[in-house]
Amino acid sequence: MPGLLRGVARTAVVAGTATAVSNRVSRRQAGRWAQQEPQQAPPAQQQYYQEPPPPPPPAAPAPAPVGMGSKIDQLKELAGLKEQGILTDAEFQVQKERILNS
C-alpha cells in the first residue's frame with residue numbers, strides 16, 4: 001500500500017508541475033502574439049482586452065516655505081522621479097513651477 005500512495009503522490013506532483021509550466025508558457029506566448037498582432041492587423045479588426053492604464057501617481061505634498069537649498073533638493077528628487085518614468089513631462093513641469101513659485 002505505501003508503494004501505491006507514493007506512486008499516486010508522485011503522479012500528482014508531476015501533473016501539477018506540468019500544468020503550471022504549461023499555463024505559464026501559454027500566457028507568455030499569448031503575450032507575444034498580442035504584441036505582434038497590432039503591427040500586422042488594422043486596429044478596427046482587433047478585439048483584444050487591454051488593461052486599463054495605471055492610476056496617476058499621487059500629488060506631492062505642498063512643501064513648507066524653505067530656502068533655495070531645499071528647493072534644489074526637491075528639484076533633484078523631482079528629476080529623479082521623471083527619469084524613472086513615474087512623472088510625465090507635463091507633470092514634471094507643473095511640479096517644478098510649484099516648487100519654484102513657493
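Computed from a prediction, not measured in an experiment: that's the story for all the values here.

Colleague: If you had to explain the overall build of the protein chain to someone new, which residues and values would you point to?
Modeller: For the protein chain, the helix and strand inventory stands at 3 helices and 0 strands. For the protein chain, the succession of helices and strands along the chain, N to C, is α-α-α. Looking at the protein chain as a whole, 7% of its 102 residues qualify as buried. Surface accessibility of the protein chain: about 8,600 Å² in total, with carbon and sulfur atoms responsible for 60%.

Colleague: An account of helix α3 (residues 89–101) is needed here, citing residue identities and associated values.
Modeller: The terminal C-alpha atoms of α3, which comprises 13 residues, lie 18 Å apart, in line with the 18 Å expected from a rise of 1.5 Å per residue. Residues F92, Q95 and I99 constitute the buried set of α3. Taken end-on, α3 shows its buried residues confined to a sector of 75°, consistent with a single buried face. Turned more than 90 degrees away from the buried face of α3, the exposed residues are D89, A90, V94 and N101.

Colleague: Lay out the pattern of salt bridges with the relevant residues and their values.
Modeller: The full count for this structure, using the stated rule, is 1 salt bridge. As a salt-bridge pair, D89 and K82 come within 3.4 Å of each other at their nearest N and O atoms. Residue classification places D89 among the exposed residues on the basis of a relative accessible area of 53%.

Colleague: Lay out the confidence of the model for the protein chain with the relevant residues and their values.
Modeller: Within the protein chain, residue pLDDT values average 76, and 75% of them lie at 70 or more. Mean pLDDT across the elements of the protein chain ranges from a minimum in helix α1 (residues 2–40), with 74, to a maximum in α3, with 88.

Calculation rules
Residues numbered from 1 in each chain as written. Predicted model: local features only at pLDDT ≥ 70, side-chain atom pairs only at ≥ 80, totals over all residues. Heavy atoms only, no water. Helix = DSSP H or I, 4+ residues; strand = E, 2+ residues; numbered from the N terminus. Buried < 20%, exposed > 50% of the residue type's maximum accessible area, 1.4 Å probe, protein only. Areas by Shrake-Rupley, 256 points an atom, 1.4 Å probe, with all protein chains shown as cover. Expected span 1.5 Å × (residues − 1). Arc of directions from axis to C-beta. Salt bridge = Lys/Arg side-chain N within 4 Å of Asp/Glu carboxyl O. pLDDT = per-residue confidence, 0-100.

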